[in-house]
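Below, each chain spelled out in residue letters.
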Amino acid sequence: MLCSSMLLMTMFASTGCRWKSKNDPDETKKPVTETTAAPTFTPSPTPTFTPTPTPDPAQIIRDQATTLAKELGVPEDDLHGEYELFLEYADAVLSNPYCQEYRGYVIRMFPVVADQLKEENKETFFQELRRLECNTIQLVSTHAGEYSCNNGNTVLISDTELTGDEQSYCSTVYHELMHSIDYTIDGEQNNNLYFVGKELKSRDQMTDSDWNDLGEVPNSSFFVEGGCELFTAQYIMKATRTYGSMTAFFFGLEYIIGEEKVQELFFSHDTAIDFANFLRECGYDDKKIGDIFDSFSYYAYSYDSGTTTPKNPVSIEDVLIDVYQAKKGDGWKEDKVFAFLMDVVEDQYFFEGKYEHEEYIRSCQKEYEVWSEWNNRISAQIDWEGEEQILTWGEQPLIYLDGKIYLSYVVTDYDPVPKYPNGRTLVLEYDFENEKVLSQQFYDIPVPSKIPVPLDAGPELDARLSELKHDNSAMHSQSLPTGTKTDYDYAKATEIANKYGVSIRSFEQMTEEMQYWFSAAPKERFNKAVLKIDEVLGQYPEGFFDQMSYGNWYGMVIYVVDFTWDGIKFQHLYEDGKDYMAIVIGTETDEEIENYDRILTNAIFHYADYRMMSYYENFKSPSFSDALWKKQNPYDFMYQGNNTEDVVKPYYDQYKDYVVSFEAMESARDDRSHLMSELMASGIEQKKAAGDSDGDSSGSKKNADNSKTLTKECLNKAEYYCKSLREAFDTTNWPEKTIWEQEMERQIELLNTDS
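Conventions used here
- Residues numbered from 1 in each chain as written.
- Predicted model: local features only at pLDDT ≥ 70, side-chain atom pairs only at ≥ 80, totals over all residues.
- Heavy atoms only, no water.
- Pairing = 2+ DSSP bridges.
- Helix = DSSP H or I, 4+ residues; strand = E, 2+ residues; numbered from the N terminus.
- Axes fitted to C-alpha atoms, helices over the stretch in contact; angles between N-to-C directions.
- Contact = heavy atoms within 4.5 Å.
- Phe/Tyr/Trp six-rings, centres within 6.5 Å; stacked < 30°, edge-to-face > 60°.
- Buried < 20%, exposed > 50% of the residue type's maximum accessible area, 1.4 Å probe, protein only.
- Lys NZ or Arg CZ within 6 Å of the ring centre and 35° of its normal.
- Expected span 1.5 Å × (residues − 1).
- pLDDT = per-residue confidence, 0-100.
- Left-handed = near helix turned anticlockwise from the far one by under 90°.
- Salt bridge = Lys/Arg side-chain N within 4 Å of Asp/Glu carboxyl O.
- Core = buried A, V, L, I, M, F, W, Y, C linked by side-chain atoms within 4.5 Å.
- Parallel < 35°, antiparallel > 145°, perpendicular 65-115°, else oblique.
- Nonpolar A, V, L, I, M, F, W, Y, C, P; charged D, E, K, R; others polar.
- Arc of directions from axis to C-beta.

S.K.: Just checking my understanding: could you explain the sheet that holds strand β11 (residues 503-506) for this structure?
M.R.: Strand order across the open sheet formed by 4 strands is β11-β12-β14-β13, with mixed pairing between neighbours. Bordering the open sheet on either side are β11 and β13 (568-575), each of which pairs with just one other strand. If you compare each strand with its neighbour and ignore which way they point, the axes differ by 30 degrees on average. As paired elements, β11 and strand β12 (residues 553-560) share 4 bridges and run parallel to each other. In the strand pairing of β12, serine 503 is matched with valine 557. Sitting on the sheet, helix α22 (residues 596-616) is in contact with β12, β13 and β14 (578-585), with an inclination near 160 degrees to β14.

Here it is, written out as structure tokens:
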């Protein structure tokens with residue numbers, strides 16, 4: 001089994017072997033008898049001791065890294081000689097509880113990290129890597145993937161736009177992960193540019209009076225998206241799939257100023273500022289630079305109805321010509337590769353303005369028939385290694401690899417059942433002067449293996465599952481926090497925390513980063529919230545929270561603060577080298593605290609779902625998964641992800657029998673956590689109304705009567721989930737029926753009676 005937080009060191013000791021010289025007598029032959037003089041005695045030489053050589057530490061690290069890389073499906077060449085860094089990177093990815101089925105993709109991004117990460121930025125980069133979250137959800141229309149850096153480090157992949165298209169799916173995942181690396185690899189971001197009068201300024205240059213005179217804020221998305229797609233192609237895919245004009249611009253820059261300089265511009269934490277300074281070097285004033293930013297943003301997002309047509313449009317070709325002139329001189333008119341690029345750029349968008357280099361640019365543009373004939377000549381020079389396949393290029397058919405220019409194609413099979421189902425790319429070394437293919441290389445699309453590798457039932461799987469359990473005893477012997485306010489009942493909070501094996505903390509015990517988003521709860525509300533937390537946690541089976549310390553998780557932490565959005569926030573807490581399930585819960589009103597039966601239980605089941613996935617992902621044929629869960633819904637049901645309320649509402653109205661609330665429409669995990677919290681809350685209300693000794697006898701039958709009655713469809717889903725919960729958890733000390741199972745069976749019985 002591959003352990004994420006422990007890399008075993010293998011020592012290789014040399015063994016002694018006696019080598020026989022080719023001049024040694026053949027010991028199998030009988031000696032010839034001869035008469036000789038009596039031999040004189042010669043003592044044997046004293047044997048000398050040759051110590052076993054001390055293993056080279058660097059070689060040990062290299063062996064560990066290459067062995068691990070092989071297990072994870074990473075070619076050794078992709079380590080770029082950074083063996084120790086790879087071990088650290090792999091450990092951070094494998095121990096990240098939020099990457100889930102995307103761990104293999106994140107691992108394959110290592111070559112970028114090996115080339116771009118500087119020593120002074122390692123700490124912040126790995127902090128962000130450990131909280132990188134990857135999810136598959138429904139995205140807004142036309143979006144295949146999204147990256148968010150707002151209070152997190154999140155990659156979102158569409159579960160509908162990419163269905164059945166493995167090439168596009170892989171390309172999208174790698175592209176969004178490139179955003180994450182770009183945003184986190186070079187320290188704290190300081191990327192905004194501002195117009196103050198006719199001058200562009202960075203945030204650091206802004207004075208108090210400048211903020212009063214603030215003009216437009218240039219959009220740098222063109223550079224961000226173009227760089228992501230270009231470097232995704234160069235490092236991973238070997239061909240571009242989207243953002244044509246942007247990647248063509250970046251290719252032109254690489255061709256003019258070199259790959260290293262373009263990487264420096266793109267991966268900088270000040271990308272917009274650095275590009276503005278670069279354009280200044282090329283002779284542009286700030287006003288023209290602002291026009292370039294506006295124009296390029298428009299070319300990137302002209303399909304968006306909210307994009308404003310630039311007042312002074314500037315063409316990409318004109319900018320590349322000016323940059324060529326500034327950096328390489330006058331040879332652009334005779335440069336065949338550059339002329340080819342001019343035609344590629346023009347094919348990516350419709351330029352509505354007037355070219356500054358009109359005659360030259362028009363002379364480079366070829367009609368479709370000319371392009372088609374050229375493409376046929378290329379195809380005729382390719383060794384297809386069997387049956388010919390379809391050649392198509394991505395958004396631009398050029399790629400820059402190892403300091404050389406190549407043509408780049410996406411290859412598609414003719415056959416209904418493709419020989420290469422995941423797709424391939426073809427990279428051609430090409431002589432543009434003589435229009436001749438010099439060499440070729442096919443690349444398979446790098447679809448990573450699943451991590452961890454799923455196993456069949458048996459001793460190996462049993463051994464792995466046993467290693468996923470952690471000792472949670474430290475959570476039962478916590479001490480009072482030091483240096484905290486005495487009027488907060490920390491003694492009670494610690495007593496309750498130790499009873500259940502969780503940690504209950506206040507605002508003061510938050511990290512500095514978390515404190516930025518929240519505020520301290522008043523002492524009365526904090527103390528009241530602690531008692532309510534005790535009441536809620538007491539409804540769970542014995543040892544439930546100890547078992548939440550499992551796999552990549554090391555227990556649960558509950559923060560009690562004044563205010564959160566929607567009553568609850570999920571946070572990633574990385575503390576003392578371990579990941580914790582962190583719940584931030586608000587105390588703004590008495591009603592909010594009383595509603596912990598639903599709010600807190602929703603959060604607990606949300607994390608229990610992660611805990612379940614840590615169990616089931618090890619099975620080759622799991623009885624529970626997201627895919628199996630979705631089969632509990634109608635075939636055309638779709639979770640709505642981050643779609644707006646007006647988009648989600650029609651779906652909810654159509655399928656509301658399958659979910660317990662509007663919020664449950666967001667994702668499969670939200671569906672499950674809301675479903676289970678509703679059962680739990682209803683069960684608690686039933687206990688209170690019955691005056692159960694474990695419940696609150698002051699509760700009333702009215703609360704129980706008002707508890708939500710679930711539909712048959714929801715109860716069917718609940719049965720499946722409850723069964724899966726029992727399989728994933730050790731239920732030795734659980735009651736025969738948990739409170740949520742009791743409530744589920746009560747409602748099923750009522751449903752059957754009514755029918």
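This is not the end of the story, as more comes after the structure.
S.K.: How do you make sense of the packing of aromatic side chains when you look at a structure like this?
M.R.: Ring pairs (aromatic) are described by centroid distance and by the angle formed between their planes. Scanning all chains against the criterion turns up 61 aromatic pairs. Both rings, one in phenylalanine 605 and one in tryptophan 740, keep their centres 5.2 Å apart while their planes meet at 85 degrees; by these two values the pair is edge-to-face. One end of the pair, phenylalanine 605, is in helix α22; the other, tryptophan 740, is in helix α28 (residues 739-754), with 135 residues separating them in the sequence. Centroid distance phenylalanine 637 to tyrosine 655: 5.4 Å. Interplanar angle 75 degrees. Geometry classified as edge-to-face. With phenylalanine 637 in the loop between α23 (626-630) and α24 (645-655) and tyrosine 655 in helix α24, this residue pair connects regions lying 18 residues apart in the sequence. Judged by its relative accessible area of 9%, phenylalanine 637 falls in the buried class. Ring pairs connect the aromatic residues Phe222, Phe223, Phe231, Phe249, Phe250, Phe266, Phe267, Phe275, Phe293 and Phe296, which therefore count as one cluster. Over the face of the ring belonging to tyrosine 610 we find arginine 669, whose NZ or CZ atom lies 3.8 Å from the ring centre. In this structure, lysine 717 packs its charged tip against the face of phenylalanine 637, placed 6.0 Å from the ring centre.

S.K.: Is there a simple way to explain helix α27 (residues 712-728) in this structure?
M.R.: In an α-helix, one full turn covers 3.6 residues, which means residues spaced three or four apart are oriented alike. Between its first and last C-alpha, α27 extends 25 Å over 17 residues, near the 24 Å set by a 1.5 Å rise per residue. Among the residues making up α27, those that are buried are Cys714, Leu715, Lys717, Ala718, Tyr720, Tyr721, Cys722, Ser724, Leu725 and Ala728. Next to the buried residues of α27 lie α22, α23, α25 (668-690) and α28.

S.K.: What's the story with the confidence of the model for the protein chain in this structure? I'm lost.
M.R.: Detail in the predicted coordinates should be disregarded across regions flagged by low pLDDT. Within the protein chain, residue pLDDT values average 84, and 85% of them lie at 70 or more. Mean pLDDT values for the elements of the protein chain range from 48 in helix α26 (residues 701-706) up to 97 in α27. The model gives residues 1-41 a pLDDT under 50, and that stretch makes 27 contacts with residues more than four places away or in other chains. Confidence drops under pLDDT 50 across residues 695-702; counting only partners more than four residues distant or on other chains, this segment forms 7 contacts.

S.K.: I keep staring at the packing of helix α6 (residues 166-184) against helix α8 (residues 221-237) and nothing clicks. Help me out?
M.R.: Angle between the axes and distance between the axes are the two parameters that describe a pair of packed helices. Running from N to C, α6 and α8 point in directions that differ by 115 degrees, and their axes come no closer than 9 Å. Every pair of crossing elements has a handedness; the one defined by α6 and α8 is right-handed. For the pair α6 and α8, the contacting residues are Gln167, Cys170, Ser171, Tyr174, His175, Met178, His179 and Asp182 in the first and Val224, Glu225, Cys228, Glu229, Phe231, Thr232, Ile236 and Met237 in the second.

S.K.: What exactly am I supposed to notice about the pattern of salt bridges here?
M.R.: When the charged atoms of two side chains lie near each other, side chains of opposite charge can form a pair. Here the structure, examined in full by the defined rule, presents 39 salt bridges. One salt bridge in this structure joins glutamate 128 and arginine 131, with 2.9 Å as the shortest N-O distance. A relative accessible area of 16% means that glutamate 128 is categorised as buried. The closest approach of N and O atoms between glutamate 513 and arginine 131, which form a salt bridge, is 2.9 Å. Of this pair, glutamate 513 sits in helix α19 (residues 512-515) while arginine 131 is found in the loop between α5 (122-130) and β1 (133-137), placing the two residues 382 residues apart along the sequence. It is possible to trace a salt-bridge network through shared partners that takes in Lys532, Glu535, Glu594, Asp597 and Lys688.

S.K.: In this structure, what is going on with the sheet that holds strand β3 (residues 154-158)? I would like to understand it.
M.R.: Paired through backbone hydrogen bonds, the strands of a sheet run either parallel or antiparallel to each other. A sheet is described by the order of its strands in space; here 3 strands give the open sequence β1-β3-β2, paired in mixed fashion. Taken across any chain shown, the strands that pair with only one partner, and hence form the sheet edges, are β1 and β2 (145-148). Taken over all neighbouring pairs, the strand axes of this sheet differ in orientation by 20 degrees on average, direction set aside.

S.K.: Please clarify how the pairing of strand β4 (residues 193-196) should be interpreted in this entry.
M.R.: Taken residue by residue, a regular strand's side chains alternate between the two faces of the sheet. Side chains Leu193 and Phe195 project from β4 onto one buried face, and the interleaved Tyr194 and Val196 project onto a second face that is buried too. Where β4 meets strand β5 (residues 199-202), 4 bridges bridge the pair, whose relative direction is antiparallel. Bridge assignment links tyrosine 194 to a residue of β5, and that residue is lysine 201. As consecutive antiparallel partners, β4 and β5 are separated by 2 residues, and within that stretch glycine 197 has a phi angle of approximately 65 degrees, a positive value.

S.K.: Is there a simple way to think about the pairing of strand β8 (residues 404-412) in this case?
M.R.: In terms of burial, β8 is largely enclosed, as 7 of its 9 residues are buried. Summarising the sheet, strand β7 (residues 398-401) and β8 pair through 4 bridges and their orientation is antiparallel. In the strand pairing of β8, tyrosine 400 is matched with isoleucine 405. Hairpin geometry of β7 and β8 is characterised by an intervening segment of 2 residues between the two adjacent antiparallel strands and by a positive phi of about 50 degrees at aspartate 402. In the sheet, β8 pairs with strand β9 (residues 424-431) via 6 bridges, with the strands oriented antiparallel. In the strand pairing of β9, tyrosine 406 is matched with glutamate 429.

S.K.: Looking at this structure, I do not really get unusual backbone geometry. What am I missing?
M.R.: Leaving glycine out, the prevailing phi sign among residues is negative, and the prevailing peptide bond configuration is trans. Of the consecutive residues isoleucine 451 and proline 452, the connecting peptide bond is found in the cis state with omega at 0 degrees. Position of proline 452 among the secondary structure elements: in the loop between β10 (436-444) and α17 (459-467). Positive phi, normally seen in glycine, also occurs at glutamine 100, with a value near 50 degrees.

S.K.: Explanation requested: the nonpolar core in the structure shown.
M.R.: Inside soluble globular proteins, nonpolar side chains tend to come together where they are buried. By size, the foremost hydrophobic cluster in this structure holds 121 residues, and its most contacted members are Phe86, Tyr89, Phe249, Phe338 and Leu407. With 9 residues, the single largest contributor to this core is helix α2 (residues 83-94). Excluding anything up to four places from it in sequence, phenylalanine 86 contacts Ala65, Leu68, Ala69, Leu72, Val74, Leu79 and Phe110. The next biggest cluster of nonpolar side chains, apart from the first, holds 79 residues, and it includes Met613, Ala664, Ala718 and Met744.

S.K.: When you look at the packing of α2 against α5 in this model, what are you seeing that I'm missing?
M.R.: Two elements in contact, α2 and α5, have axes separated by 9 Å at closest approach and are oriented at 30 degrees. When the axis of α2 is compared with that of α5, the two are roughly parallel. In this structure, α2 crosses over α5, and the sense of that crossing is right-handed. Between α2 and α5, the residues in contact are Leu85, Glu88, Tyr89, Ala92 and Val93 and Lys122, Phe125, Phe126, Leu129 and Arg130, respectively. A per-class count over the contact of α2 with α5 returns 7 nonpolar, no polar and 3 charged.

S.K.: Just to check I follow, could you spell out helix α16 (residues 368-380) for this structure?
M.R.: The end-to-end C-alpha distance of α16, which contains 13 residues, comes to 18 Å, matching closely the 18 Å that a straight helix rising 1.5 Å per residue would cover. Those residues of α16 that sit buried are Trp371, Trp374, Asn375, Ile378 and Ser379. Along the axis of α16, the buried positions cluster into a sector of 140 degrees, meaning they face one direction only. Along α16, exposed side chains directed more than 90 degrees from the buried face belong to Glu369 and Ala380.

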